[in-house]
Amino acid sequence: VKASTGDVSFDSTKPADKDDVTDQVLRGIVGLTLNVKVDPDGQIKEVGGGDAGGLAGALAGQFSGPDMIKGVFGPVFSVKKGKPKASVGESWTTEDVLQGGAASTRVKMTHTLKSVQGNNANIDIKGSVIVDPSSGGLKAGVKDSSISGRAVWDIESGMLARLETDQKLTVETKTDQG
């Protein structure tokens, strides 16, 4: 992150640095496990876990709070009414706008059906995040972002069986002077 107060960086693949405050705050959310309860219709009813505690916990809440999880992953857990079908190699795109107090966030994801093995549909996920700082009081924006991952959809039950995603963000802060 490039900020008017100085540059800040964090790499979760490097060993922990007890003298780096940023490391202490962000390391608590790396590998965070959330418990998501989904009803039979695929609607996210409850998000729990992810209790990193302290400042790290508050920060994690910005990325793992119930509204954010419902907005980003709700379309993956539930399908639109009807009987959706896709052929191997076919792609579809979802775009969601999540309204937050500091800014609105647009998440665009493209899903591609890679293969079907038995009752499992294997889906690749690619996407991006755009933050509109003019929609709120946020003085930062996403300079670059990527989302990648894999999902396994249980065809028989019509539900998500497994989801793994990685999200990378480069955030740029803005000063009062612009």
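The paragraphs below set out a description of the structure included in this document.

1. Notes on the overall build of the protein
Across its full length, the protein holds 3 helices and 9 strands. For the protein, the proportion of its 178 residues judged to be buried stands at 27%. Taking the intrachain contacts of the protein between residues at least 6 apart in sequence as the baseline, contacts between residues at least 24 apart amount to 48%. When the accessible surface of the protein is split by element, carbon and sulfur atoms take 49% of a total near 11,600 Å².

2. Comments concerning the environment of Val152
Relative to the helices and strands, Val152 is located in strand E8 (residues 140-154). Overall, the relative accessible area of 8% leaves Val152 in the buried class. Non-local contacts of Val152, meaning those with residues more than four positions away in its chain, are made with Asn120, Ala121, Asn122, Leu160, Ala161 and Arg162.

3. Re the side chain of Thr112
Here Thr112 shows up in strand E6 (residues 104-117). Its relative accessible area of 15% is what places Thr112 among the buried residues. Discounting chain neighbours no more than four positions away, the residues touching Thr112 are Gly89, Glu90, Ser91, Asn122, Ile123 and Asp124.

4. Examining the nonpolar core
Judged by nonpolar contacts, the single largest core of 13 residues is most densely connected at Val107, Met109, Ile123, Val129, Ile147, Ala151 and Trp153. If you list the elements that add at least two residues to this core, you get E6, strand E7 (120-132) and E8. The leading source of residues in this core is E7, at 5 residues.

5. Here we look at the pattern of salt bridges
On inspection of all chains with the given rule, the structure shows 3 salt bridges. Residues Arg150 and Glu164 are paired through a salt bridge, measuring 2.5 Å at the closest nitrogen-oxygen approach. Taken together, the residues Arg150 in strand E8 and Glu164 in strand E9 (residues 159-173) connect sequence positions 14 residues apart. A salt bridge links Glu164 to Arg162; the shortest N-O distance between them is 3.6 Å. A relative accessible area of 36% means that Glu164 is categorised as partly exposed. When its relative accessible area of 47% is taken as the criterion, Arg162 is described as partly exposed. Beyond isolated ion pairs, a larger network of salt bridges with shared partners links Arg150, Arg162 and Glu164.

6. Brief notes about a nonpolar patch on the surface
Together, Val88, Val116 and Ile155 make up an exposed nonpolar region whose accessible area comes to about 250 Å². In this fold, Val116 is placed in strand E6.

7. Points about the environment of Glu156
Positionally, Glu156 belongs in the loop between E8 and E9. Distance in space between the C-alpha atoms of Glu156 and Asn120 is 8.2 Å, their sequence separation being 36 residues. A distance of 2.9 Å separates polar atoms of two side chains, one belonging to Glu156 and the other to Asn119.

Definitions and cut-offs
- As a convention, each chain's residues are numbered from 1 in the sequence order in which they are written.
- This being a predicted model, a pLDDT of at least 70 is required before a residue's local features are given, and a value of 80 or more before pairs of side-chain atoms are given or counted; all residues contribute to the totals for chains, interfaces and linings.
- Note that the side-chain values use all heavy atoms of the structure and ignore hydrogens as well as water.
- Here a strand is any run of E in DSSP of at least two residues, a helix any run of H or I of at least four, and the numbering for each starts at the N terminus.
- The buried label goes to any residue with under 20% of its type's maximum accessible area, the exposed label to any with over 50%, and the partly exposed label to all in between, with areas taken from a 1.4 Å probe on protein chains only.
- Two residues form a contact once any of their heavy atoms are found within 4.5 Å.
- Reported accessibility uses the Shrake-Rupley method at a 1.4 Å probe radius. Residues are deemed covered only where the shown protein chains occlude them.
- Throughout, nonpolar core names a set of buried Ala, Val, Leu, Ile, Met, Phe, Trp, Tyr and Cys residues whose side chains join them through atoms within 4.5 Å.
- Between Lys or Arg on one side and Asp or Glu on the other, a salt bridge is scored when a side-chain nitrogen of the former is within 4 Å of a carboxyl oxygen of the latter.
- Every patch collects residues that have over 30% relative accessible area and no salt bridge, joining them within 9 Å if they carry like charges and within 5 Å if they are nonpolar side chains (Val, Leu, Ile, Met, Phe, Trp, Tyr).
- Two N or O atoms count as a polar contact when they lie within 3.5 Å, although within protein this holds only if one can serve as hydrogen donor and the other as acceptor, and sequence-adjacent residues are included solely when both atoms are side-chain atoms.

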